[in-house]
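# Residue-level structure breakdown
The chain contents come next:
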Amino acid sequence: MSSDQKAEVAQYVDGKSWWRKLFTLKNVDNLRSRAESSEMSRSLSAFDLTAIGVGAIIGTGIFVLTGTAAAQNAGPAVVLSFAVAGVAAGTAAMAYSEMACMIPVSGSAYTYSYATMGELVGWIIGWDLILEYLVGAATVSVGWSGYFVKFCESAFNWQLDKRWVDSPVIFDAKTNSFEVTGNYINLPASVVSLVVTGLLCFGIRESARANAVMVCIKTLVILLFIFACIKYVEPSNYTPFVPENEGSFSKYGATGVLAGATRVFFSYIGFDAVSTAAQEAKNPQRDLPIGICSSLILCTILYVAVCVVMTGVVPFRELNSSAPINVVIGYTGMRWLGIIVSLGILFGLTSVMLVLLIAQPRIFYSMALDGLFPKFAAKLHPKYKTPWSTTLISGLFCAVAGGVLPVDVLGEMTSVGTLFAFALVNIGVTILRVKRPDLPRKFKVPLGPYLFPGLGAIMSVGLIATASAHTLLRLFVWMGLGVLIYFCYGRTHSVINNPHRAAEFHDIEKVDI
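Note that this is a predicted model, so its numbers are computed, not measured.

## Here's the deal with the packing of aromatic side chains
- One pass over the full model with this rule turns up 15 aromatic pairs.
- Taken together, a centroid distance of 5.6 Å and an interplanar angle of 40° make the contact between W123 and F373 tilted. Residue W123 is located in helix α8 (residues 119-156), and its partner F373 is located in the loop between α15 (335-369) and α16 (388-404); the two are separated by 250 residues in the primary sequence.
- In this structure W123 comes out as buried when scored by relative accessible area, which is 0%.
- Taking the centre distance of 5.1 Å and the plane angle of 85° together, the rings of F364 and F373 count as edge-to-face.
- Looking at F364, the relative accessible area reads 10%, which means it is buried.
- Among the aromatic residues, ring-to-ring pairing joins W123, W127, F364, F373, W478, Y486 and F487 into one connected group.

If you want it as structure tokens, here you go:
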């Protein structure tokens, strides 16, 4: 057993109460030592990390949810929705940057919460991240399917059988129930999930290179869309900028703008995935903050530009489509642009799935090293040094969820789960500033430990409160299931609270396939 492992196990104190064990903290110094001795391949540069962030951020949010947020919630003021969501994401990005350069391990918010608020909170946020990344990837796969259908129609005039490209169930918000549509499965969504999973099993460097290429393609396509369509903008479409509320909280008006912010917050998910690659970064203390912050700034600029063009070309009520950019292009009559953009979007959405499915297995990996998941989740492929078993499991789950569930249900669940993670990371920054001011921080959230972290936590909780009741209910059910698993398995297998399992902790990093 290594010295840092012994030190971590030594945190256990005989006679510690059952209640205190739930809030046992990970030792930050041991985490930093573990990161330095990691067997994962350190091959990612600042550019690679920025590309991972952009690859995850620019996806279903801008290509799919932008239209529905404008049509159903905010109208042309969807630009303000993006601004509100962007501020909340920006505070979280600074918090993640400070945490990531201070604790450069692959566990992301799970590890940060474990080190600042204790094991139970760490488990809850880890379970929440599983929801974020797995359901997020499934959401993107459904968006990918929609644009694949549009591409086949515009490029080859192929009309694909609706029963094989649409969800077999839909959610009726009026009755709060799922209804069967008569469709079989969203086959393109399932297939692309499995293809991406196969690529990820061959190594982080190869996956990062593929992602960088796809990021360049989709960025160029977005710029092409903006500059080709801007001349078709009708200023009258911006009036009224904030449509009058129509009776419900989320239907236009100021409250609709806030509800739209919760919906489009999904668009900003991704920069946190950069932190899950911390143990594969060449210089994590310097490159992680660069990757996190630069990817968020770049994507925010592109988001605002796309929203201005979309709502300027098309009356906002007509953007309620799974492929709103194609609706905009249809108004311009530029068929050639529709073909190019649809193809570019397919590459773009693929890169989002790739990054989210990179992140998820690394959360499993970190939790398994702590004994909270079975040992198989920490298996690294002897050649590619990837957590191959959980990569396969994540891909299969994504394929099933994307093939069966509708995009609106998946998208809002992911947004709420992510906001919860962001709130806890902001709180964690404040706690470590107070408790461990001695820790080296190459990046620090400006203006002290309270202003931006406090604002970020409050905004995240506020946006969660604007989510629909059925989405919150599903979140609570998911969290309840997670707590049950923790008390049935994680609590009794946790290495830090069960020193007799120290040998298993030692073996877990040595396990082979």
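## A short note on helix α14 (residues 324-332)
- Along α14, the residues classified as buried are P324, I325, N326, V328, I329 and T332.
- One or two residues past the end of α14 sits G333, with phi positive at roughly 80°.

## Quick look at unusual backbone geometry
- For the peptide bond that leads from T239 to P240, omega is -5°, which places it in the cis range.
- Within the secondary structure layout, P240 lies in the loop between α10 (204-229) and α11 (253-264).
- Residue N157 is not a glycine yet carries a positive backbone phi of 60°.
- The topology assignment puts N157 in the loop between α8 and β1 (169-172).
- Although it is not a glycine, L447 adopts a positive phi angle of roughly 65°.
- The topology assignment puts L447 in the loop between α17 (407-435) and α18 (451-465).

## Some points on a nonpolar patch on the surface
- A surface patch of nonpolar side chains, amounting to about 470 Å² of accessible area, comprises W164, Y184, L187, V191 and V195.
- With respect to the secondary-structure elements, V195 resides in helix α9 (residues 187-200).
- Judged by relative accessible area, V195 falls into the exposed class, the value being 56%.

## As for the confidence of the model for the chain
- Summary statistics for the chain give a mean pLDDT of 79 and a share of 84% for residues scoring 70 or more.
- Within the chain, the element-level pLDDT minimum falls on helix α1 (residues 3-9), averaging 49, and the maximum on α9, averaging 87.
- A low-confidence stretch, residues 8-15 stays under pLDDT 50, and its non-local contacts, those more than four residues away or across chains, total 19 contacts.

Parameters and conventions
- Residues numbered from 1 in each chain as written.
- Predicted model: local features only at pLDDT ≥ 70, side-chain atom pairs only at ≥ 80, totals over all residues.
- Heavy atoms only, no water.
- Phe/Tyr/Trp six-rings, centres within 6.5 Å; stacked < 30°, edge-to-face > 60°.
- Helix = DSSP H or I, 4+ residues; strand = E, 2+ residues; numbered from the N terminus.
- Buried < 20%, exposed > 50% of the residue type's maximum accessible area, 1.4 Å probe, protein only.
- Patch = residues over 30% accessible without salt bridge, like charges linked within 9 Å, V, L, I, M, F, W, Y side chains within 5 Å.
- Areas by Shrake-Rupley, 256 points an atom, 1.4 Å probe, with all protein chains shown as cover.
- Salt bridge = Lys/Arg side-chain N within 4 Å of Asp/Glu carboxyl O.
- pLDDT = per-residue confidence, 0-100.
- Contact = heavy atoms within 4.5 Å.

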